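# Chain and residue survey
One letter stands for each residue in the lines below.
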Amino acid sequence: MTAKKRFAAVASRRQIPPFVSKFVISLLVLFCFVVFFGLFSQFKLQSSSVSTEFGFDEFRLEDYRMKIAFLFLVRDNLPLDFLWHNFFKNADPENFTIYIHSKPGFVFDESVTRSAFFYNRQLKNSVEVGWGKPTMIEAEKLLFKAALEDTNNQIFILLSDSCVPLYNFSYIYKYIMSSPKSFVDSFIDDATEKRYNPEMSPDIPEDKWRKGSQWITLVRRHAEVVAYDHVVFPIFNKHCKRRPLLDLSKGNESLKEQQQHNCIPDEHYVPTLLEMRGIEGELVRRTLTYSLWNQSTETMNTLAWHPVTFGYTSASQKNIQAIKDIDHVYFKSENRTEWCGGPCYLFARKFSRGAAMRVLTNGVVGPYDPKTLFLDPT
């Protein structure tokens with residue numbers, strides 16, 4: 001006999017009014033439904049919490065309350081502010097914050113940018129930065145420290161003044177939040193480059209020495225490691241120096257300088273630091289920012305590697321789509337291929353103003369209306 005029939009039989013014997021028995025039965029049915037729904041919801045929650053690298057279908061709604069901190073490391077102003085304005089204009093302001101490290105005393109106001117998103121977003125304690133010098137790392141650390149003050153900031157993206165987004169805000173937000181890991185280019189340095197300075201040993205063992213792109217994306221716990229490191233950075237500051245460019249006018253003195261270790265601090269500091277902290281296993285070991293590298297000649301006939309600058313012509317829809325279609329990265333020094341499980345890059349550099357305008361007008365970062373190129377975010 002079913003529970004429903006047994007209840008009806010008992011109710012009949014005790015002469016319970018029919019409307020009461022129907023009410024109680026309804027309550028029992030409702031209770032069963034609530035229990036079933038609760039178990040189903042719990043199962044769905046557990047399923048959605050299983051992190052897949054790009055599991056957009058299982059993306060948790062509560063993650064939308066977590067902010068991305070966009071950290072701009074710039075020379076002075078933001079020449080591509082018009083593109084970034086359109087990017088942020090189509091985003092929920094509760095999902096992002098902006099921080100800018102510019103030269104000391106530089107203020108972002110109406111006189112230097114027409115985008116209110118950047119008004120007064122500069123750090124007050126910035127330092128004078130030189131390319132290939134430890135001051136570049138100091139500036140990065142200051143950006144991370146400032147952004148860590150907001151406890152809602154959970155993801156920290158380091159960008160240059162020539163970076164452009166390759167997707168709209170919603171896509172980038174979901175992509176990054178769907179992974180619990182930081183994105184840090186980190187690979188074993190090619191020994192032929194002789195970047196490692198033996199004087200760093202034993203504080204920084206050679207087997208911990210790593211190289212990678214400066215443009216990183218960190219989760220909060222890794223951002224804290226970078227911001228508050230007071231052990232590895234002083235060693236970099238002392239022993240990781242950029243070799244002077246060849247100056248033929250100095251004769252043998254300049255030739256002697258070319259025998260020095262040519263260490264570019266910002267290409268080594270973060271991946272080496274995280275490897276020394278035992279964190280490399282928590283990383284997606286690639287950058288989210290695309291650069292097209294090409295060997296070029298500097299002054300004094302010195303060969304060096306520099307990223308190509310995209311102009312209006314090279315920023316065509318075809319070329320942008322080619323970057324977005326890249327789904328793996330090969331690291332020659334480790335014979336390692338990183339398969340991205342989707343597009344590898346969310347940003348790209350170095351873009352001129354003309355190239356950025358073409359990206360904007362092609363609708364890469366969202367709908368574009370020339371009448372509302374700059375608007376107050378409120």
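Each chain has its residues counted from 1, following the order in which its sequence is written. Per-residue local features are limited, in this predicted model, to residues with pLDDT of at least 70; the limit for side-chain atom pairs, both in listing and counting, is 80 or more; totals at the level of whole chains, interfaces and linings are taken over all residues. Hydrogens are left out, water is left out, and the side-chain values use all remaining heavy atoms of the structure.

### Some words on the pairing of strand E14 (residues 336–339)
Here is the rule: Only protein chains enter the calculation, and the probe is 1.4 Å; a residue is then buried if its accessible area is under 20% of its type maximum, exposed if over 50%, and partly exposed in between. We count a stretch as a helix when DSSP gives it H or I for four or more residues in a row; a strand needs E for two or more, and each element gets its number in order from the N terminus. Strand pairing follows a simple DSSP-based rule, namely that at least 2 bridges must link the two strands.
Of the two faces of E14, only one is covered, namely that formed by Arg 336 and Glu 338; the face formed by Thr 337 and Trp 339 stays uncovered. The turn linking strand E13 (residues 328–331) back onto E14 is made up of four residues, and Asn 335 within it adopts a positive phi angle of 50°.

### Focus: the nonpolar core
In globular proteins that are soluble, nonpolar side chains generally tend to be buried together. Using the following cut-off: Here, nonpolar core refers to any group of buried Ala, Val, Leu, Ile, Met, Phe, Trp, Tyr and Cys residues whose side-chain atoms link them within 4.5 Å. Should any heavy atoms of two residues lie within 4.5 Å, those residues are counted as being in contact.
Core analysis: the biggest nonpolar cluster contains 57 residues, and Phe 70, Phe 72, Trp 84, Phe 88, Phe 118, Ile 176 and Phe 351 have the highest contact counts within it. No other element matches the six residues that helix H5 (residues 169–177) contributes to this core. Aside from chain neighbours lying at most four places away, what touches Phe 118 is Phe 72, Leu 78, Asp 81, Trp 84, Phe 88, Ile 98, Ile 100, Phe 108 and Thr 113. Within the second largest apolar cluster, 39 residues are counted, among which are Ala 147, Phe 156, Tyr 269 and Leu 283.

### Regarding the packing of aromatic side chains
This is how it is decided: When the centres of two rings from Phe, Tyr and Trp lie within 6.5 Å, Trp using its six-membered ring, the rings pair. Their planes under 30 degrees apart give stacked, over 60 give edge-to-face, and anything left gives tilted. Comment: the charge-over-ring label is applied if NZ (Lys) or CZ (Arg) is within 6 Å of the ring centre and within 35 degrees of the ring normal.
Counted under the stated rule, the structure contains 29 aromatic pairs. Ring-pair connections join several aromatic residues into one group, and the members of that group are Phe 70, Phe 72, Trp 84, Phe 87, Phe 88, Phe 96, Phe 117, Phe 118, Phe 169, Tyr 173 and Phe 347. Over the aromatic face of Tyr 99 sits the side chain of Arg 121, whose NZ or CZ is 5.3 Å from the ring centroid. Across the ring face of Tyr 167, the terminal group of Lys 324 is positioned such that the distance to the ring centre comes to 4.4 Å.

### Here's the deal with the pattern of salt bridges
The line we're drawing: What counts as a salt bridge is simple: a side-chain nitrogen of Lys or Arg found within 4 Å of a carboxyl oxygen of Asp or Glu.
Under the definition given, this model contains 13 salt bridges. As a salt-bridge pair, Arg 220 and Glu 224 come within 3.7 Å of each other at their nearest N and O atoms. Of the two residues, Arg 220 and Glu 224 are both situated in helix H6 (residues 220–227); the distance of four residues between them amounts to about one turn of the helix. Overall, the relative accessible area of 15% leaves Arg 220 in the buried class. Measuring nitrogen to oxygen at the nearest pair gives 2.8 Å for the salt bridge that ties Glu 334 to Arg 285. Of this pair, Glu 334 sits in the loop between E13 and E14 while Arg 285 sits in the loop between strand E9 (283–284) and strand E10 (289–291), and the two are 49 residues apart along the sequence. What makes Arg 285 buried here is its relative accessible area of 16%.

By themselves, these observations are geometric and do not establish any function.
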